[in-house]
Amino acid sequence: MTFNFTLKAIAGAAMLSFAAQAAHAADTIKIGSILSVTGPAAFLGDPELKTLQLYIEKINAAGGVLGRKLELMNYDDGSEASKANGFAKRLIESDQVNVIIGGTTTGATMSMAPLVEKAGVPFISLAGGVVVTSPVKKWIFKTPHTDRMAAEKVFEDMKKRGIAKVGLLSETSGFGQSGRKEAQASAAKYGITLVADETYGPKDTDVTAQLTKIKATPGVQAVFVFGLGQGPAVVTKNYGQLAMDKVPLYQSHGVASEEYIKLAGKSAENVRLPSPALTIANSLPAEDAQKPIVVSYEKTYRDQYKTDPSTFGGYALDALNLTVDAIKRAGSTDKDKVRNALEQTRGFVGATGVFNMSPTDHMGLDLSAFRMVGIRNGQWDLLK
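Residues numbered from 1 in each chain as written. Predicted model: local features only at pLDDT ≥ 70, side-chain atom pairs only at ≥ 80, totals over all residues. Heavy atoms only, no water.

Trainee: What exactly am I supposed to notice about helix α5 (residues 147-160) here?
Mentor: It helps to recall that an α-helix has 3.6 residues per turn; residues three or four apart then point in one direction. Look at α5: 20 Å from first C-alpha to last across 14 residues, which is about the 20 Å you get at 1.5 Å a residue. Burial analysis of α5 places ten of its 14 residues in the buried class, the great majority of the element. Buried residues of α5: D147, M149, A150, A151, E152, K153, V154, F155, D157 and M158, and no others. Taken from the residues just after α5, G162 is the one with a positive phi, measuring 75°. (Helix = DSSP H or I, 4+ residues; strand = E, 2+ residues; numbered from the N terminus. Expected span 1.5 Å × (residues − 1). Buried < 20%, exposed > 50% of the residue type's maximum accessible area, 1.4 Å probe, protein only.)

Below is the structure:
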């Protein structure tokens, strides 16, 4: 009797253990995202969402992560930062996600920041503002270069070309405001004087008044625009209408997308800007560590969606791959362990650059991750 009871107990325990393992394997790893899929920032958020959907499907088809499938739970903030906070609360409290990817814009990201910090959820932002990770926040990381880096890369190029007097035109969005601040702070370091300083709204359909003021400023040698979404394309078209093409026009990395060229049209010709490697993937030298990644992403995205990818989709790809890498290294979806693994990321080659994170750097990129590009005959051109 005792022997039979023991066998039954062992068999029962084994079945319970197997059931528990099976249940755990059936659990999904929940990836939450809040993106600007509609509204003025849609041409940033749309490729971000499409990239996450495409690559999560590929990862699941290959067996998932730690034997579990990934589940994407996405909300569209409509390019309104105020909506992102409510969606973040839903992801944390109702959906109980393991990680959050998103915040297409700096404003949306910062509206979510207090919630994710309080809840202790790993959060990888897709926004460019330096404020996202400076000062460092325990639970928040980011994949795009910062606006400070963009300003420095642009001013570095201007200095090489003998440009010293610049008109600044920035958007009143979170990204634009932060970019304006960083441009003001770093200009003198490169011998640049901002002789004009104008702003425009992200939904403005005409910026000729501001451009006319800059055009009339004595000595202006170039114009630097800091914005994202449709606004910079409006600025560029107005630039052409005012026949300002003799004065070089610089944009930030907030326009590094084929959509910008389409929206701005012929007026975008000869515009210069700092960009991730993706825009000029096939022009990269063979020995470039990023080339295999960006070329593969470009082909995969184009095959799936019959359109060119954008650097913004590349930010989402890096965020997803960094998440998967951290979960694998942590061997768990425990939030503390994943956060720690993200912070210990070293030498991770992505579409945006090579990431080397640390307790004092939750972005992990340096200026070498930016390439100066121009627009020639409606195509991106790697500048020497």
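Trainee: Looking at this structure, how should I read the packing of α5 against helix α6 (residues 174-186)?
Mentor: Relative placement of two packed helices is described by the angle separating their axes and the distance separating the axes. Orientation of α5 relative to α6, taken along the N-to-C sense of each, is 50°, at an axis distance of 8 Å. The pairing of α5 with α6 is recorded here as oblique in orientation. Every pair of crossing elements has a handedness; the one defined by α5 and α6 is right-handed. Facing D147, R148, A151, E152 and F155 of α5, the residues of α6 in contact are F175, S178, G179, E182, A183 and S186. Classifying every residue of the contact of α5 with α6 by side-chain character gives four nonpolar, three polar and four charged. (Axes fitted to C-alpha atoms, helices over the stretch in contact; angles between N-to-C directions. Parallel < 35°, antiparallel > 145°, perpendicular 65-115°, else oblique. Left-handed = near helix turned anticlockwise from the far one by under 90°. Contact = heavy atoms within 4.5 Å. Nonpolar A, V, L, I, M, F, W, Y, C, P; charged D, E, K, R; others polar.)

Trainee: How do you make sense of the side chain of T311 when you look at a structure like this?
Mentor: On the secondary structure map, T311 appears in helix α11 (residues 311-330). Exposure remark for T311: the relative accessible area of 3% places this residue in the buried category. At 2.6 Å, the side chain of T311 forms a polar contact with the backbone oxygen of A256. Each residue touching T311, except ones within four places of it in the same chain, is listed here: A256, S275, P276, L278 and T279. (Polar contact = N/O pair within 3.5 Å; in protein donor to acceptor, adjacent residues only side chain to side chain.)

Trainee: Help me out: how do you make sense of the pattern of salt bridges in this one?
Mentor: A side chain with one charge may pair with a side chain of the opposite charge, provided their charged atoms come close. In total, this model carries 14 salt bridges according to the counting rule given. Residues K50 and D46 are paired through a salt bridge, measuring 3.1 Å at the closest nitrogen-oxygen approach. With K50 and D46 both in helix α2 (residues 42-61), this residue pair falls four residues apart, about one helical turn. Through salt bridges that share partners, E298, R302 and D308 make up one connected network. (Salt bridge = Lys/Arg side-chain N within 4 Å of Asp/Glu carboxyl O.)

Trainee: I'm lost on helix α3 (residues 81-93) in this one. Help?
Mentor: The end-to-end C-alpha distance of α3, which contains 13 residues, comes to 19 Å, matching closely the 18 Å that a straight helix rising 1.5 Å per residue would cover. Of all the residues in α3, the buried ones are A84, F87, A88, L91 and I92. The buried residues of α3 occupy an angular sector of 135° when projected down its axis, which confines them to one face. Exposed and oriented more than 90 degrees from the buried face of α3 are S82 and E93. In this structure, the buried residues of α3 make contact with β1 (29-35), β2 (70-76), β3 (99-102) and α4 (106-119). (Arc of directions from axis to C-beta.)

Trainee: Please clarify how the packing of α3 against α4 should be interpreted in this entry.
Mentor: Two numbers describe how α3 lies on α4: the axes approach to 7 Å, and their chain directions differ by 30°. For the element pair α3 / α4, the angle class is roughly parallel. For the crossing formed where α3 meets α4, the hand is right-handed. Contacts from A81, A84, N85, A88, K89 and I92 in α3 reach G107, A108, S111, M112, L115, V116 and A119 in α4. Class assignment for the residues of the contact of α3 with α4 results in nine nonpolar, three polar and one charged.

Trainee: Looking at this structure, how should I read empty space enclosed by the protein?
Mentor: As enumerated under the stated definition, the model contains one cavity of 30 Å³ or more in all. Of the voids in this model, the largest cavity is the one considered here, and its volume is about 90 Å³. In this structure, the largest cavity is lined by 15 residues; those nearest its centre are L126, G128, L228, F312 and Y315. Looking at the lining of the largest cavity, the elements that each hand over two or more residues are α2 and α11. (1 Å grid on protein atoms, 1.4 Å probe; cavity = no way out; pocket = protein on both sides within 12 Å on 5 of 7 lines; lining within 4 Å. Points joined across faces, edges and corners; volume = space filled by probe spheres on them.)

Trainee: Help me out: how do you make sense of the packing of aromatic side chains in this one?
Mentor: Two measures describe an aromatic ring pair: the distance that separates the ring centres and the angle between the ring planes. Scanning all chains against the criterion turns up eleven aromatic pairs. An aromatic cluster of at least three residues, connected via ring pairs, comprises F155, F175, Y190, F224 and F226. Over the ring of Y305 we find K50; its NZ or CZ atom is 5.4 Å from the centre of that ring. Above the ring of Y55, the side-chain terminus of K58 is found at 6.0 Å from the ring centroid. (Phe/Tyr/Trp six-rings, centres within 6.5 Å; stacked < 30°, edge-to-face > 60°. Lys NZ or Arg CZ within 6 Å of the ring centre and 35° of its normal.)

Trainee: Hey, could you run me through unusual backbone geometry in this one?
Mentor: Across the chain, the bulk of peptide bonds are trans and the bulk of non-glycine residues have phi less than zero. Cis peptide bonds are those with omega within 30 degrees of zero, and the linkage from S134 to P135 qualifies with 5°. Not every positive phi belongs to a glycine, and L66 is a case in point at roughly 55°. Within the secondary structure, L66 sits in the loop between α2 and β2. Phi is positive for Q96, close to 50°, though the residue is something other than glycine. Its place among the elements puts Q96 in the loop between α3 and β3. Given the relative accessible area of 56%, Q96 is considered exposed.

Trainee: Could you clarify how one ought to interpret the sheet that holds strand β5 (residues 140-142) in this entry?
Mentor: Across a sheet, strands are paired by hydrogen bonds formed along the backbone, either parallel or antiparallel in direction. Pairing in this open sheet of five strands is parallel, and the strands run β2-β1-β3-β4-β5 from one edge to the other. Bordering the open sheet on either side are β2 and β5, each of which pairs with just one other strand. Taking the axes of each pair of neighbouring strands and ignoring which way they run, one obtains an average angle of 25° across the sheet. Sheet topology note: the β3/strand β4 (residues 123-125) ladder contains two bridges and is parallel. Residue pairing in the sheet places I101 in a bridge with I124 of β4. Where α3 meets the sheet, it contacts β1, β2 and β3, and its direction lies at approximately 175° from that of β1. On the sheet, α4 packs against β1, β3, β4 and β5 and is oriented at approximately 165° with respect to β4. (Pairing = 2+ DSSP bridges.)

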